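Working through the structure, step by step
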Amino acid sequence: MRAEHPSAPGYSRRVTPAQSFPEPTNTEAIRVIGRFEAGRGIPDAMRSDVRMLGALLGQVLREAGGDDLFEDVERLRLATIQAYDEETPDAFDRAAAIAESFTVQRADEVARAFTCYFHLVNLAEEHQRVRVLRERAGQPGREDAADTVATAYARLKSEVGEDEARRRLQGLRFHPVFTAHPTEARRRAVSSSIRRLSELLTQHDAASEGGAEEHRARRRMLEEIDTLWRTAPLRAQKPSPTDEVRTVMGVFDETLFTTVPHVYRTIDDALRGEESGASAPVVPAFVRIGSWVGGDRDGNPFVTASVTREASQIASDHVLRGLERALERIGRTLTLDAEDTPPSSEVIALWEAYAAREPREAAELATRSPGEPHRRVILLLARRVAATRRGDELRYSGPDELLADLRAVQGSLAEAGARRHAFGGVQHLIWQVETYGFHLTELEVRQHSQVHAKALAEIESGEPVSAQTEEVLEVFRAIAEIQRDRGLRAAGRYVVSFTQAASDLAAVHRLARHALGDDAPVLDVVPLFETFADLQAAPGILAEAVEFPEFRARMAATGNRLEVMLGYSDSSKDVGPVAANLALYEAQEKIAQWARDADIELTLFHGRGGALGRGGGPANSAILAQPPHSVDGRFKLTEQGEVIFARYGEPAIAMRHIDQVAAATLLASSPTVEERTSSAAARYADIARTMDVSSRERFFSLVKAEGFAPWFATVTPMEEIGLLALGSRPARRGLSVESLEDLRAIPWVFAWTQARINLAGWFGLGTALDAVGDEALLVEAYREWPLLRTMIDNVAMSLAKTDERIARQYLALGDRDDLAALVLDELALTRQWVIRLTGGEGLLVNKPVLQRAVQLRSPYVDALSLLQLRALRALRSAQDATGSGVDEEQRRLLLLSVSGVAAGLQNTG
């Protein structure tokens, strides 16, 4: 029987609908809300946006649900805000009573209202970020200029000299890999509505106050918010892998395709001033985009070889259409007369060859562009790209052929004196082709090592193989076809999950030979080390693997390059976040030193999630905390779910993010950064050892306790999260969760986040710091040791999103007061130590913008958490009473609240 008695943790916070509390007057409500907003330090422009959008939502609620719905939402909103005011100590209990008092149908509507509000607040905050970025653009010496590529390059040049700095800039590589892991709680329809609202908010900013355009923008925003309210917030069914591919393509179409060349240009402008755009750039096309969407079949039976083929085809179609449009746009503006800008012999030859093959189309282009040879040739290239998309005879053999043609046009323009055109628009086209080729994303395949082992055993037994093994072989045929159609960059990386021996890597090449014999595709086999033990064994496994003939041949062909992937998620679930972070640092240090000794050009691929329990957090600070030689100008990581849209969904934010990460990647290998990192690691090695041992013991005392897994499933909405139609991949490995190993890392993190505990991001740190004990030494280490500083700052962010009052109520759902006490004690201890080390009176005092964002949302997240708790209690009570059967209305309320809390906290897994 669950703890429903007064001694249960958090019972004092529970109230029944029968309890009543005096409702504040409207005047008091205005005063309370105004004081709350003022105390958050919200910029005036953002406060105005939030109030306007909130007022429009209120109007929609009144129109759609009547005054009663609006007033119910306002009652709960006011109570949760007052719960943060010391003058109203009963407000939290009043908020809980209000949430309990609603009918299920009314609770459903209120949850939807708060979720809509979060979408609007997130939009206002993003809009404020864009506003600030635009205001700061071009301002020399601005506050955020320290983490730009231009500033990093200047610092690097001062340390290593201009020639070496230029060489390192030319070798710079930032390689995000988009994944379809199920962590985006919003529907695509909701995301599209929010994007339209963003455009309207920009129009509203630009309109004259009180004018017709401002009125029009507000009217259209009201219409769009009404659409947002009336759009079903939950997906009716899980998306297919192809749906996931098309969702990610939206980011390329709307943002990345045009934004990335602007990043290159902005950096070149900063480095070269007025000369930028008038001569060859110094900035290379350093971004490469990878994708697991349609390629990652580890644990996802719905990703088949045919899906992989389709994913590649969809991506290729998008980039070719984008290139075609870009060529046509440049072609229409390149109206340079042959008299003033004569074409080179190479450009003339291009045109004559085309005219001989397609005389009718050539005559049409000549008629449209008389005396404009460069325009004619660019429009010709657009037609050839269109033919490539359709598979017509005029198609290009590959992106290198298009690049050669573009460089011929660029050279001709430069030779004729039109250097601004040569290194302006035409250079942007070249950058786009260099970045995206004809494939757009470098599609990567991932499969579990045990699947390979089983397939090989079947094949080599001589017996008929299973459908699963035949599917494994078909994947290699799909890769070969993609390479044949779109080049080696289009596909070829093959990631082996749970690599535990060198033979796991050799198995991939053996399977490829079984599938295609001597016609096997070119493969870059990438080991993925995930568990604590695997991370420790990694250097030995790699040393054996590179002696395999297939590895030696491929490395010889690529300049001795090797890629190694490190998993943050499972290592954190394996030994806890503190020990996992320390183990990852040690593994990177040893792998990097091994590669350096073997003269191997190493790229470490970081399997990071959006949440802190899965390696999330600011990427640039994490890069600068990496061991010496583990970055060396190359940074590759996974991006997934809500992180993709948060970082790359808006052009200005995407540009800023790419610039920041590239700057950190360039700077990480500077002598001063490497010296600081290595000397700090050596100086504080004893602290690391103490923290490692003590944090693991503390973590194990929780997760290895008898009955932990079912208790975890009871005190969080873990089971219900699996019902959300987030992605095509199943949320767990088996039919039920009997141990932590049965559960994937994403729902492990997601469930703790929903319970407002965020345990996966911090548990064990308080005990680890307490074991060291020396506060002065730890403060010094926080200041001087980048790894510890990054860890503490990330935990501070994680703790700021926790709420002990809410957490106690979730923990009270279980019947294990000992485990609940363990969690709450560690939470208090960790909070105390983090505040002491960061030198403030509370969490995130040293990061006021982030603190503002968290504090602004907290009361509204509380409202949804209280609605989620009432649904969870009802579901758990029904299970206890009947042992089966589910109240579908309560389940829907719970799922609505899960989606809303994810929007409010701005992360899931």
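Residues numbered from 1 in each chain as written. Predicted model: local features only at pLDDT ≥ 70, side-chain atom pairs only at ≥ 80, totals over all residues. Heavy atoms only, no water.

Thoughts on the pattern of salt bridges
- Counting across every chain of the model gives 63 salt bridges.
- We note a salt bridge from Glu-460 to Arg-510, for which the minimum N-O separation is 2.6 Å. Of the two residues, Glu-460 sits in helix H17 (residues 449–461) while Arg-510 sits in helix H19 (residues 502–516), which places them 50 residues apart along the sequence.
- Residue Glu-550 is joined to Arg-513 by a salt bridge in which the shortest nitrogen-to-oxygen separation is 2.6 Å. In this pair, Glu-550 sits in helix H21 (residues 549–557) while Arg-513 sits in helix H19, placing the two residues 37 residues apart along the sequence.
- Linked by salt bridges that have partners in common, Glu-442, Glu-444, Arg-489, Arg-493, Glu-563 and Lys-636 make up one network. (Salt bridge = Lys/Arg side-chain N within 4 Å of Asp/Glu carboxyl O. Helix = DSSP H or I, 4+ residues; strand = E, 2+ residues; numbered from the N terminus.)

Here's the deal with the environment of Gly-904
- Looking at the element boundaries, Gly-904 is found in helix H39 (residues 888–905).
- When sequence neighbours within four positions are dropped, the list of residues in contact with Gly-904 reads Phe-118, Arg-857 and Val-861. (Contact = heavy atoms within 4.5 Å.)

Considerations on the environment of Ala-45
- Here Ala-45 is to be found in helix H2 (residues 44–82).
- For Ala-45, a relative accessible area of 31% corresponds to the partly exposed category.
- Once the C-alpha coordinates of Ala-45 and Ala-124 are considered, the two residues, 79 residues apart in sequence, prove to be 9.3 Å apart.
- Excluding residues that lie within four positions of it along the chain, Ala-45 makes contacts with Gln-128 and Arg-131. (Buried < 20%, exposed > 50% of the residue type's maximum accessible area, 1.4 Å probe, protein only.)

Examining the side chain of Gln-447
- Note on placement: Gln-447 falls in strand E3 (residues 442–448).
- With residues near it in sequence (within four places) discarded, Gln-447 still touches Arg-297, Asp-298, His-452, Tyr-494, Val-495, Val-496 and Ser-497.

A word on the pairing of E3
- With 7 of 7 residues buried, E3 lies mostly within the body of the structure.
- Because side chains alternate across E3, one face comprises the buried residues Glu-442, Glu-444, Arg-446 and His-448, and the other comprises Leu-443, Val-445 and Gln-447, equally buried.
- As defined by bridge partners, strand E2 (residues 290–291) adjoins E3 across 2 bridges and the pair is classed as parallel. Of the residues in E3, the one forming a bridge with Ser-291 is Leu-443.
- Across 5 bridges, the pairing between E3 and strand E4 (residues 491–497) is parallel. For Arg-446, the partnering residue across the bridge sits in E4 and is Val-495. (Pairing = 2+ DSSP bridges.)

Taken by themselves, the reported measurements are silent on function.
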